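Structural features, examined
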Number of protein chains: 2
Amino acid sequence: MNKKGLAILLRAKMRPIPAANKINQIQFPIRDGNHEPSQNRLSINMIREFEEVKVSMHSAISMNKTENVDAALNEFSVGYFRLSREMHKMLLLLLAKQYDVYRIQVRELMKQYLDIQLPTGLGEKAEDGSHTEEGSLSNFYRIERNLKDSLKPTYEVLFERLNTHPGGLKFLSIMRADILSILAEENTASLRALESNLREKLITWLSPANLELHQITWDDPASLLEKIVHYEAVHPISNLLDLKRRLGVGRRCFGYLHPAVPGEPLIFIEVALMKNVAQTIQEVLWDEPPIPEPEATCALFYSISSTQPGLAGINLGKFLIKRVIDVVRKDMPDISTFATLSPIPGFLQWLLPKLASADTFQENMLESEEEATLLDSSVEFAAGKNGNEIMLTMLTSTKYEWTKSDSLITALRAPLLRLCVRYLVQEKKRGKALDSVANFHLQNGATIGRLNWMANRSEKGFSESCGIMVNYLYSLEKIEDNAQAYFSTGHIEFSPEDVC
Amino acid sequence: MNKKGLAILLRAKMRPIPAANKINQIQFPIRDGNHEPSQNRLSINMIREFEEVKVSMHSAISMNKTENVDAALNEFSVGYFRLSREMHKMLLLLLAKQYDVYRIQVRELMKQYLDIQLPTGLGEKAEDGSHTEEGSLSNFYRIERNLKDSLKPTYEVLFERLNTHPGGLKFLSIMRADILSILAEENTASLRALESNLREKLITWLSPANLELHQITWDDPASLLEKIVHYEAVHPISNLLDLKRRLGVGRRCFGYLHPAVPGEPLIFIEVALMKNVAQTIQEVLWDEPPIPEPEATCALFYSISSTQPGLAGINLGKFLIKRVIDVVRKDMPDISTFATLSPIPGFLQWLLPKLASADTFQENMLESEEEATLLDSSVEFAAGKNGNEIMLTMLTSTKYEWTKSDSLITALRAPLLRLCVRYLVQEKKRGKALDSVANFHLQNGATIGRLNWMANRSEKGFSESCGIMVNYLYSLEKIEDNAQAYFSTGHIEFSPEDVC
């Protein structure tokens, strides 16, 4: 299909991918970042709508399983999408509180349990199973089972019913996105508990065993490719040629599909097959032509994007990377290096306050030689009483003026790379790397490799990390040990020399 | 492909369906009903093997999640398949007892919980969320979360790790089949708890949202078709023409596939498109040719088979039937009747003891007119002092002699059909239909339709139910009400006149 062909296709009305069962399926409205119904004050109509949704939610939870739960679920979800953000908040808080654990029953069962005598050594995992023990064990098992049930908040019924309802899994992920956004401004215990319960459920339902690895190619339906274009969060897809190239020779794209969310990967990763680990994203995205695939020795992961905001905190990426490594190794045994070319989203956000407060704390962020070079090169661009101040002025200039001067680029290279290593390797929060992308790869068992100067010259690249990118390395034989060391001691392995 | 072609294919070594990740996949040995290693006494070697499996099981459970759990799981599963049945029993009992709930901790948490004051009305699901309440709620949530964790037996870790391990879901279903078979002879509380825990897990993991409905056709891989031939449990597939016919014009076959068990449906259903609800299985299986599909007004479910003994008690069939009804309705709007032609597996098993003890309890199983006709027709075949005794003799004759005499067939028709209705509609066990197939369809919301005389003339048909088969009816608008009535009061709807 030529460029114009797909362009037309992408503009045309989306034809949903046929699913076997559409009769009782939740219909999703189109909803972007700004989904607020225009009217924000409560009108009689809105209150009436809210009451209806409340009633259908109650039915969906309290109906006997043989009643027409499907109809109630549909009514609830249609109604839910009509509500404003403020009403979502009211509804979700109500769900969290009124359908919580029934604590009187919990306490009753606990009292019963504590009344049973614990056979000697039973808590210590007794080995022999004499008949008396089996008898009293039965009592333990019975109350434990009941207690487990009564410790489940009532709203779990809603989650479970939605999960088995067509379209329900996706609806749950939208609902969780709403909960997360409400939590950001109103952090109440009951809403936190609701969120954590839903997260646990989603982790179970989205276990890798339920996900299908799918290689996304130019032969996939346009409706799926459109999603890739829409959700690519790391390096936006600029045009159709760009998309076609990312799916063509020397490139791979893999996604995790879930049977309940057809035609839309939950997460996808883009891979470039290369001779050496790339130093700049330009090589990957725009330099032509890709090398012939048999010459590749390196698989470079250059982008990983999640499509569902409501699945934040559910680490599907870890499993995806491991499976993709397995598939690529099997397919192309000559490929021995698995690395990423990754952004460092938090670097400048960490650096700027440090620079601003450096004088107050009498800390010089620059080494004396670095400072001298910088003062020399910056005369015509910025004034300041010392290196800290000049660096701050330059890095905060609106149009990244410093990136247009070779001498400034040269002068900033050494200090920024050095500070970036410090940021990645030494700066921690609760024993974990401060940078979110670093933390993601380190907990997967990767190590930090080379830092690449001027690796991403896009505005996003400059504003996040002064254009610096980093290669994380996945050395198969060391993944587990690395992950273990990072997990238990927070140790971060930094080995730039391992990158060829 | 012609008959010989597939015959050769089916005999040839099976090529596994390519799965993306085979590197760490559990390899399944071929295992049929009689999988006992030949040597049954304990030898030093066997004890050593057992100890090794025990150690790898312990590693798979107790390893930190960042250690090489995959290797331990593989070692455990390879070792498990080498063990004898006796050793499986030892191992599973050990798993149930030594990796059970740690009860000392449970009691400790309960005491903490009971010490917190329950805010007024909290157990009654308070609506307002004042700040003090949020504070004490946090404590409840915290201990409840910990308690839920500590109520999980340690062996859940093994189940969960296997579930996310390639091949692990299938391994778990084999393990559960072993547990069920051991429970049948040694019903201990801890093993029951192990089984029930694993069942709950499997129900979650095999939720319909995770299953893909697949229409099985003659174009499917031979390795998949081979499984259909192997697992068809209701009406064995006699030859390749038979198989091809069941997948051809006027027929449908649908299966549920799970991403973690590739190339093998967990359950499948066979459907015949017909003008009227079939009265005999012969019409469905052998009568040629099928009607042209546009003339069909009835979809007849004539066989439903589960392929995994370890998934017994996990009702996938209910969801499958509902989804298939949806698909067929959408595909062929002229089809308005959905019915089964089902065996009655427990009829004779119930009837024979009744006949044998009828005289003792002075009950005449036959009405007087029926008895007279039977005595008349049976003179040359069997002797007996009354109808009960003669009927018993005939129904237990080794080669079903009565089925070779028209007069006997006629004489037995009325009493057997009448008694069969009694068996299906009135005989209950704990408020549910005694017959397992009846119970399955009734709890799905079907009603009992027509009973069909001489509907299955195979040996299996005669030995189970004197050749009688029954049509269960799925009337879409009444499914939920029927299921509800059956569930709550045990009411069984019998409406033979609804079958056209």
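Residues numbered from 1 in each chain as written. Chains lettered and ligands numbered in written order. Predicted model: local features only at pLDDT ≥ 70, side-chain atom pairs only at ≥ 80, totals over all residues. Heavy atoms only, no water.

- Per an unreviewed UniProt entry, chain A goes by Malonyl-CoA decarboxylase, mitochondrial and derives from Heracleum sosnowskyi.

Section: the overall build of chain A
- Helices and strands together make up the secondary structure of chain A, namely 20 helices and 9 strands.
- Looking at the 500 residues of chain A, the share that counts as buried comes to 54%.
- Across chain A, contacts joining residues at least 24 apart in sequence account for 74% of those joining residues at least 6 apart.
- In the structure as shown, chain A presents an accessible area of about 22,900 Å², 52% of it carried by carbon and sulfur atoms. (Helix = DSSP H or I, 4+ residues; strand = E, 2+ residues; numbered from the N terminus. Buried < 20%, exposed > 50% of the residue type's maximum accessible area, 1.4 Å probe, protein only. Contact = heavy atoms within 4.5 Å. Areas by Shrake-Rupley, 256 points an atom, 1.4 Å probe, with all protein chains shown as cover.)

Thoughts on the packing of helix 2 (residues 44-62) of chain B against helix 4 (residues 85-98) of chain B
Residues and elements named next belong to chain B.
- Contact pair helix 2 / helix 4: the axes reach a minimum separation of 11 Å and the direction vectors enclose 30°. The orientation of helix 2 relative to helix 4 falls into the category roughly parallel. The element helix 2 and its partner helix 4 pack so that their crossing is right-handed. Residues Met46, Ile47, Phe50, Val53, Lys54, Met57 and Ile61 of helix 2 pack against Met87, Met90, Leu91, Leu94 and Leu95 of helix 4. (Axes fitted to C-alpha atoms, helices over the stretch in contact; angles between N-to-C directions. Parallel < 35°, antiparallel > 145°, perpendicular 65-115°, else oblique. Left-handed = near helix turned anticlockwise from the far one by under 90°.)

Some points on helix 20 (residues 479-489) of chain A
All names here are of chain A.
- Of the positions making up helix 20, those classed as buried are Ile479, Asn482, Ala483 and Tyr486. Seen along its axis, helix 20 keeps its buried residues to an arc of 95°; they face one direction. Those residues of helix 20 that are exposed and angled more than 90 degrees off the buried face are Asp481 and Thr489.
- Lining the buried residues of helix 20 we find helix 13 (317-331), strand 7 (432-433), helix 18 (436-443) and strand 8 (447-452).
- Positioned one or two residues after helix 20, Gly490 has a phi angle of 75°, which is positive. (Arc of directions from axis to C-beta.)

So, the packing of aromatic side chains
Residue and element names in this part refer to chain A.
- Under the criterion given, the structure shown has 28 aromatic pairs over all chains.
- Each ring, one from Phe76 and one from Phe171, has its centre 5.7 Å from the other, and the planes form 85°; the classification is edge-to-face. Taken together, the positions of Phe76 in helix 3 (residues 69-82) and Phe171 in helix 8 (residues 168-183) put the pair 95 residues apart, joining distant regions of the chain.
- Exposure remark for Phe76: the relative accessible area of 0% places this residue in the buried category.
- Judged by relative accessible area, Phe171 falls into the buried class, the value being 0%.
- Look at Trp402 and Trp453: their rings are 6.1 Å apart centre to centre, the planes differ by 35°, and that puts the pair in the tilted class. Here Trp453 lies in the loop between strand 8 and helix 19 (459-465) and Trp402 lies in the loop between helix 16 (387-395) and helix 17 (406-426), a separation of 51 residues in the sequence. Trp453 carries the same exposure label as Trp402, and that label is buried.
- A network of ring pairs unites the aromatic residues Phe76, Tyr80, Phe81 and Phe171 as a single cluster. (Phe/Tyr/Trp six-rings, centres within 6.5 Å; stacked < 30°, edge-to-face > 60°.)

Thoughts on the nonpolar core
- One finds A:Phe76, A:Leu95, A:Leu158, A:Phe347, A:Leu351, A:Trp402 and A:Leu424 to be the most contacted residues of the largest nonpolar core, which totals 118 residues.
- Per element, the largest residue contribution to this core is 11 residues, and it comes from helix 17 of chain A.
- With residues up to four places along the chain from it excluded, the contact list for A:Trp402 reads A:Met394, A:Leu395, A:Leu408, A:Ile409, A:Leu412, A:Trp453, A:Met454, A:Phe462 and A:Cys466.
- Of all hydrophobic cores here, the second largest spans 117 residues; its members include B:Leu194, B:Ile325, B:Val437 and B:Ile448. (Core = buried A, V, L, I, M, F, W, Y, C linked by side-chain atoms within 4.5 Å.)

Overview of unusual backbone geometry
Residues and elements named next belong to chain B.
- In this structure, Met454 is a non-glycine residue whose phi angle is positive, near 55°.
- Examined against the element boundaries, Met454 turns out to sit in the loop between strand 8 (447-452) and helix 19 (459-465).
- Overall, Met454 belongs to the buried group, its relative accessible area being 6%.
- A positive phi angle, near 50°, is found at Cys466, a position not held by glycine.
- Locating Cys466 in the fold gives a position in the loop between helix 19 and strand 9 (469-473).

Comments concerning the pairing of strand 2 (residues 251-257) of chain B
All names here are of chain B.
- Counting buried residues along strand 2, 7 of its 7 residues qualify, which places the element largely inside the surrounding structure.
- Residues of strand 2 alternate between two faces, with Arg251, Cys253, Gly255 and Leu257 on one and Arg252, Phe254 and Tyr256 on the opposite face, all of them buried.
- Two strands pair when backbone bridges link them, and strand 1 (residues 212-215) and strand 2 are joined in this way by 4 bridges, in the antiparallel orientation. Each bridged residue has a counterpart across the sheet, and for Glu212 the counterpart in strand 2 is Leu257.
- Bridging between strand 2 and strand 3 (residues 267-274) involves 6 bridges; their strand directions are antiparallel. In the strand pairing of strand 3, Tyr256 is matched with Ile267. (Pairing = 2+ DSSP bridges.)

Remarks on helix 17 of chain A
- For helix 17 of chain A, built from 21 residues, the straight-helix expectation of 30 Å at 1.5 Å per residue is met to within 8% by its first-to-last C-alpha distance of 30 Å.
- When the local axis directions of helix 17 of chain A are compared, the greatest deviation, roughly 40°, occurs at A:Arg413, which is followed within four positions by the proline A:Pro415. (Expected span 1.5 Å × (residues − 1). Bend = angle between axes of the 7 residues up to and from the residue.)

Overview of the pattern of salt bridges
Residues and elements named next belong to chain A.
- Here the structure, examined in full by the defined rule, presents 44 salt bridges over all chains.
- For Arg246, the salt bridge goes to Asp242, with nearest N and O atoms at 3.0 Å. Highlighted residues: Arg246 and Asp242, both in helix 11 (residues 240-246), separated by 4 residues, approximately one helical turn.
- By relative accessible area, which is 3% here, Arg246 ends up buried. (Salt bridge = Lys/Arg side-chain N within 4 Å of Asp/Glu carboxyl O.)

Some thoughts on the pairing of strand 9 of chain B
All names here are of chain B.
- Counting buried positions along strand 9 yields 5 of 5 residues, so the element is predominantly enclosed.
- Because side chains alternate across strand 9, one face comprises the buried residues Met469, Asn471 and Leu473, and the other comprises Val470 and Tyr472, equally buried.
- Pairing of strand 8 with strand 9, which is carried by 4 bridges, proceeds in the antiparallel orientation. Across the sheet, residue Ile448 finds its bridge partner in strand 9, namely Tyr472.

A few points about the UniProt feature "domain: Malonyl-CoA decarboxylase N-terminal" (unreviewed entry) in chain A
- Residues annotated by UniProt as "domain: Malonyl-CoA decarboxylase N-terminal" (unreviewed entry) correspond here to residues 142-205 of chain A.
- Secondary structure content for residues 142-205 of chain A is 80% helix and 0% strand, while the C-alpha to C-alpha distance between its ends is 27 Å. (UniProt positions renumbered as here; feature names shortened; annotations may be inferred.)

Examining the state of the cysteines
- This model, assessed by the stated rule, comprises 0 disulfides over all chains.
- Here B:Cys253 is not disulfide-linked; the sulfur of B:Cys298 is the nearest cysteine sulfur, at 17 Å. (Disulfide = S-S within 2.5 Å.)

A few points about the environment of A:Asp376
- By the element assignment, A:Asp376 lies in helix 15 (residues 368-377).
- Distance in space between the C-alpha atoms of A:Asp376 and A:Ser407 is 9.3 Å, their sequence separation being 31 residues.

Details of the packing of helix 7 (residues 155-163) of chain B against helix 9 (residues 189-205) of chain B
Residues and elements named next belong to chain B.
- As a packed pair, helix 7 and helix 9 sit with axes 11 Å apart at the nearest point and diverge in direction by 30°. Crossing handedness for the pair helix 7 and helix 9: right-handed. Judged by residue contacts, Tyr155, Glu156, Phe159, Glu160 and Asn163 of helix 7 engage Ala193, Leu194, Asn197, Leu198, Lys201 and Trp205 from helix 9.

As for the environment of A:Lys428
All names here are of chain A.
- Positionally, Lys428 belongs in strand 6 (residues 428-429).
- Judged by its relative accessible area of 36%, Lys428 is partly exposed.
- Each C-alpha atom, one on Lys428 and one on Gly490, is 8.5 Å from the other, the two residues being 62 residues apart in sequence.
- Not counting the four nearest positions on each side in its chain, Lys428 is found in contact with Ala433, Leu434, Gly490 and Ile492.
- A polar atom in the side chain of Lys428 sits 3.0 Å from the backbone oxygen of Gly490. (Polar contact = N/O pair within 3.5 Å; in protein donor to acceptor, adjacent residues only side chain to side chain.)

Observations concerning the confidence of the model for chain A
All names here are of chain A.
- Here chain A shows a mean pLDDT of 86. Residues at 70 or above account for 88%.
- Taken element by element, chain A is modelled with least confidence in helix 1 (residues 3-11), mean pLDDT 47, and with most confidence in strand 9 (residues 469-473), mean pLDDT 97.
- This stretch, residues 1-23, has a pLDDT under 50; its non-local contacts, to residues over four places away or in other chains, come to 36 contacts.
- Contacts from residues 122-130, a stretch scored under 50 in pLDDT, to residues over four places away or in other chains number 22 contacts.
- At the level of chain-chain contacts, confidence expressed as ipTM amounts to 0.72, with global pTM at 0.77. (pLDDT = per-residue confidence, 0-100.)

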